[in-house]
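Letter by letter, the chains look like this.
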Amino acid sequence: MPPGKRINPTVVRFADIVITSIPGWQAGVIGMSLLFVYVVGTTFGLAPVGVLMTTAVPGGLMMIAWYVMGARKLFRLARTP
């Protein structure tokens, strides 16, 4: 999915019950923004790849954390009757 379209689920979950903690919102929005900077930078060659990787690594880790927080919450919601 293109990065511009991936920001939509982040914003939807921003006000939803799935991720209700502030760190969850921050991880999704900041992580997606950093990955977006990486994709734009590598597409248009705005900086060396090593410099852009310094934005991609934290962004990727934040997105992994965001997905884990969302999955944990969804598993908890599925267990409640």
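What you see is a predicted model, and the numbers here were worked out from it, not measured in a lab.

## Examining the overall build of the chain
Counting its regular elements, the chain contains 3 helices and 0 strands. Reading the helices (α) and strands (β) of the chain from amino to carboxyl end gives α-α-α. Across the 81 residues of the chain, 22% fall into the buried class. Long-range pairs, those at least 24 residues apart, make up 64% of the contacts in the chain with a sequence separation of at least 6. Put simply, the chain shows about 5,400 Å² of open surface, and 74% of that area lies on carbon and sulfur atoms.

## A short note on the nonpolar core
A general trend in soluble globular proteins is that nonpolar side chains are found buried together. Core analysis: the biggest nonpolar cluster contains 6 residues, these being Ala-27, Met-32, Leu-35, Ala-56, Met-63 and Trp-66. Every element with two or more residues in this core is listed here: α2 (22-44) and α3 (49-79). Residues contacting Ala-27, with those up to four places away along its chain left out, are Met-32, Met-62, Met-63, Trp-66 and Met-69.

## Regarding a nonpolar patch on the surface
Nonpolar side chains collect at one region of the surface, where Val-49, Met-53, Val-57, Leu-61, Ile-64 and Val-68 lie side by side and expose about 550 Å² of accessible area between them. Relative to the helices and strands, Val-57 resides in helix α3. Classification of Val-57 as partly exposed rests on a relative accessible area of 45%.

## Thoughts on the packing of aromatic side chains
A full pass over the atoms with the stated rule returns 1 aromatic pair. When the centroid spacing of 5.1 Å and the interplanar angle of 55° are considered together, the rings of Trp-66 and Tyr-67 count as tilted. The buried category is assigned to Trp-66, whose relative accessible area is 4%.

## Focus: the environment of Gly-28
Checked against the element boundaries, Gly-28 lands in helix α2. Considered as a pair, Gly-28 and Gly-60 are 32 residues apart in the sequence and their alpha carbons are 9.9 Å apart.

## Digging into the confidence of the model for the chain
A low pLDDT score tells you not to read the predicted coordinates there in detail. Per-residue pLDDT for the chain averages 77, and the proportion of residues at 70 or more is 70%. Per-element mean pLDDT across the chain ranges from 57 in helix α1 (residues 3-14) up to 86 in α3.

What counts, and at which threshold
- Residues numbered from 1 in each chain as written.
- Predicted model: local features only at pLDDT ≥ 70, side-chain atom pairs only at ≥ 80, totals over all residues.
- Heavy atoms only, no water.
- Helix = DSSP H or I, 4+ residues; strand = E, 2+ residues; numbered from the N terminus.
- Buried < 20%, exposed > 50% of the residue type's maximum accessible area, 1.4 Å probe, protein only.
- Contact = heavy atoms within 4.5 Å.
- Areas by Shrake-Rupley, 256 points an atom, 1.4 Å probe, with all protein chains shown as cover.
- Core = buried A, V, L, I, M, F, W, Y, C linked by side-chain atoms within 4.5 Å.
- Patch = residues over 30% accessible without salt bridge, like charges linked within 9 Å, V, L, I, M, F, W, Y side chains within 5 Å.
- Salt bridge = Lys/Arg side-chain N within 4 Å of Asp/Glu carboxyl O.
- Phe/Tyr/Trp six-rings, centres within 6.5 Å; stacked < 30°, edge-to-face > 60°.
- pLDDT = per-residue confidence, 0-100.

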